[in-house]
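# Fold and contact review
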Amino acid sequence: MVDADGRESRLHEHTRTGRGLLLTSDHVTEPRVDVVSATNTGPLLLRPDGVIAWAGEGSPATALDTWF
């Protein structure tokens, strides 16, 4: 992944906390999950077990309410 500052990282580096992970190009805050600004991937919401809970356009609000 490439973040907004141009730094490269691997997905596993962000999943070590045991929390959900929201990958997005928008600058958002979400207290229920860790948020990573990634410019080279589409928006994704990952559960702590690595399963994709949401992917795509629009808001992940329903998936956040369901899983977190």
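Residues numbered from 1 in each chain as written. Predicted model: local features only at pLDDT ≥ 70, side-chain atom pairs only at ≥ 80, totals over all residues. Heavy atoms only, no water.

With that settled, consider the overall build of the protein. Helix and strand counts for the protein come out as two helices and four strands. When the helices and strands of the protein are read in sequence order from the N terminus, they spell out α-β-β-β-β-α. In summary, the protein has a C-alpha radius of gyration of 11 Å against a globular reference of 11 Å for 68 residues, a match within 12%. In terms of principal-axis extent, the alpha carbons of the protein reach across some 30 × 25 × 20 Å. Split into buried and exposed, the 68 residues of the protein put 31% on the buried side. Roughly 4400 Å² of accessible area belongs to the protein as shown, and the carbon and sulfur atoms make up 49% of that amount. The positive charge centre, built from 6 side chains, and the negative charge centre, built from 10, are 7 Å apart in the protein. (Helix = DSSP H or I, 4+ residues; strand = E, 2+ residues; numbered from the N terminus. Rg over C-alpha atoms; globule rule 2.2 N^0.38 Å. Buried < 20%, exposed > 50% of the residue type's maximum accessible area, 1.4 Å probe, protein only. Areas by Shrake-Rupley, 256 points an atom, 1.4 Å probe, with all protein chains shown as cover. Lys, Arg positive; Asp, Glu negative; His and termini not counted. Charge placed at Lys NZ, Arg CZ, Asp CG, Glu CD.)

This part takes up the pattern of salt bridges. Tallied over the entire structure, the rule returns four salt bridges. In this structure, R47 and D49 form a salt bridge, with 2.6 Å as the shortest nitrogen-oxygen distance. Each of E30, R32 and D65 takes part in one network of salt bridges that share partners. (Salt bridge = Lys/Arg side-chain N within 4 Å of Asp/Glu carboxyl O.)

Quick look at the side chain of T24 now. Here T24 is to be found in strand β1 (residues 20-24). A distance of 3.1 Å separates a polar atom in the side chain of T24 from the backbone nitrogen of D26. (Polar contact = N/O pair within 3.5 Å; in protein donor to acceptor, adjacent residues only side chain to side chain.)

Glancing now at the nonpolar core. If you look at the biggest cluster of nonpolar residues, it comprises seven residues: M1, L21, L23, V36, A38, L44 and L46. Broken down by secondary-structure element, the contributors of at least two residues to this core are β1 and β3 (44-46). Ranked by size, the runner-up nonpolar core spans six residues in total, among them L22, L45, W54 and L64. (Core = buried A, V, L, I, M, F, W, Y, C linked by side-chain atoms within 4.5 Å.)

For any pair of aromatic rings, the description rests on two quantities: the centre-to-centre distance and the angle between the ring planes. For the structure on display, the rule yields zero aromatic pairs. The aromatic ring of W67 is capped on one face by R47, whose charged end is 4.3 Å from the ring centroid. (Phe/Tyr/Trp six-rings, centres within 6.5 Å; stacked < 30°, edge-to-face > 60°. Lys NZ or Arg CZ within 6 Å of the ring centre and 35° of its normal.)

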